[in-house]
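Structural description and commentary
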Amino acid sequence: MNRRTKAVIGTALTASLLTGGTALADAGGWWPGPKEVRVLLPDGQSNPAIANGVATGGEVALYQSSGLGPSALNPTAPPGTPEYYTDPSLTEGATGVTITEAQALVVLRNIKTNLEAAGLTPADVITMKCYLMKPPGAETADYAGWNRAYRQYFANVDLTTHQVVPVPMGTSAPKPPLLANKARPARATMEVASLAVKGWLVEVEVTAAYKKR
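One structure accompanies this document, and this report is about it. (Residues numbered from 1 in each chain as written. Predicted model: local features only at pLDDT ≥ 70, side-chain atom pairs only at ≥ 80, totals over all residues. Heavy atoms only, no water.)

This part covers the side chain of Gln-152. As for its placement among the helices and strands, Gln-152 is situated in helix α4 (residues 143–153). There is a polar contact of 3.0 Å between the side chain of Gln-152 and the backbone nitrogen of Leu-178. Those residues within four positions of Gln-152 in sequence are excluded, and the remaining contacts are Leu-105, Val-167, Pro-168, Met-169, Pro-176, Pro-177, Leu-178 and Leu-179. (Helix = DSSP H or I, 4+ residues; strand = E, 2+ residues; numbered from the N terminus. Polar contact = N/O pair within 3.5 Å; in protein donor to acceptor, adjacent residues only side chain to side chain. Contact = heavy atoms within 4.5 Å.)

Within soluble globular proteins, side chains that are nonpolar tend to cluster in buried spots. Counting 35 residues, the largest nonpolar core has Trp-146, Phe-154, Val-202 and Val-204 as the members making the most contacts within it. Elements that contribute at least two residues to this core include exactly α3 (99–117), β5 (125–132), α4 and β7 (202–209). With eight residues, α3 is the single largest residue contributor to this core. Not counting the four nearest positions on each side in its chain, Phe-154 is found in contact with Leu-108, Pro-122, Val-125, Met-128, Asn-181, Ala-183 and Pro-185. Core analysis: the next-biggest nonpolar cluster, separate from the first, contains eight residues, Leu-41, Ala-51, Val-54 and Ile-126 among them. (Core = buried A, V, L, I, M, F, W, Y, C linked by side-chain atoms within 4.5 Å. Buried < 20%, exposed > 50% of the residue type's maximum accessible area, 1.4 Å probe, protein only.)

One pass over the structure, following the stated rule, counts three aromatic pairs. Both rings, one in Tyr-84 and one in Tyr-85, keep their centres 5.4 Å apart while their planes meet at 80 degrees; by these two values the pair is edge-to-face. Both rings, one in Trp-146 and one in Tyr-150, keep their centres 5.9 Å apart while their planes meet at 45 degrees; by these two values the pair is tilted. Of the two residues, Trp-146 and Tyr-150 are both situated in helix α4; the distance of four residues between them amounts to about one turn of the helix. Assessed through its relative accessible area of 0%, Trp-146 is described here as buried. (Phe/Tyr/Trp six-rings, centres within 6.5 Å; stacked < 30°, edge-to-face > 60°.)

Geometric descriptors of this kind do not, in isolation, establish any biological role.
Encoded structure:
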């Protein structure tokens, strides 16, 4: 296997932006250089939530986080309940925020802190996996609440105009996001039967790419 072949493994990951879907048709030309990250975005969309995939060159340094959940930041709620793992300061003034959404906001902030400790930011995230539990009494996991929280930290800059896109929190009117970030990770979201901590409804892991030196 030559060096170029080793350098390119078109894994379904993702990164910050650029490169439309039609480019994949010419696979040879779409391959990244050894230190390059190339993102495959859906065609014809200026503000997609996620990427279709990403290719990373063989010399790209990657960081893989553990699964991170929400911190217990609501002392007014009983320990072990889903409400216990929210931060009221994040949702102050918003209406209709679901418990999954509130937990996800804490999780994504924790991911930001985790990345910064490793010399990275959410803009460097190229792939994400989210595990959701259904809230008590619900029939399924709250994907809508998770997606609203996700847009507060990711995929909230229009790739055509480069303008920050207002996003809703709960049923409140859209406002500027908590963190402006153009990154579109390749993302998978799934419902699970249980998570490691009683009361958790959300757990997320990410892969991030260090910038070229």
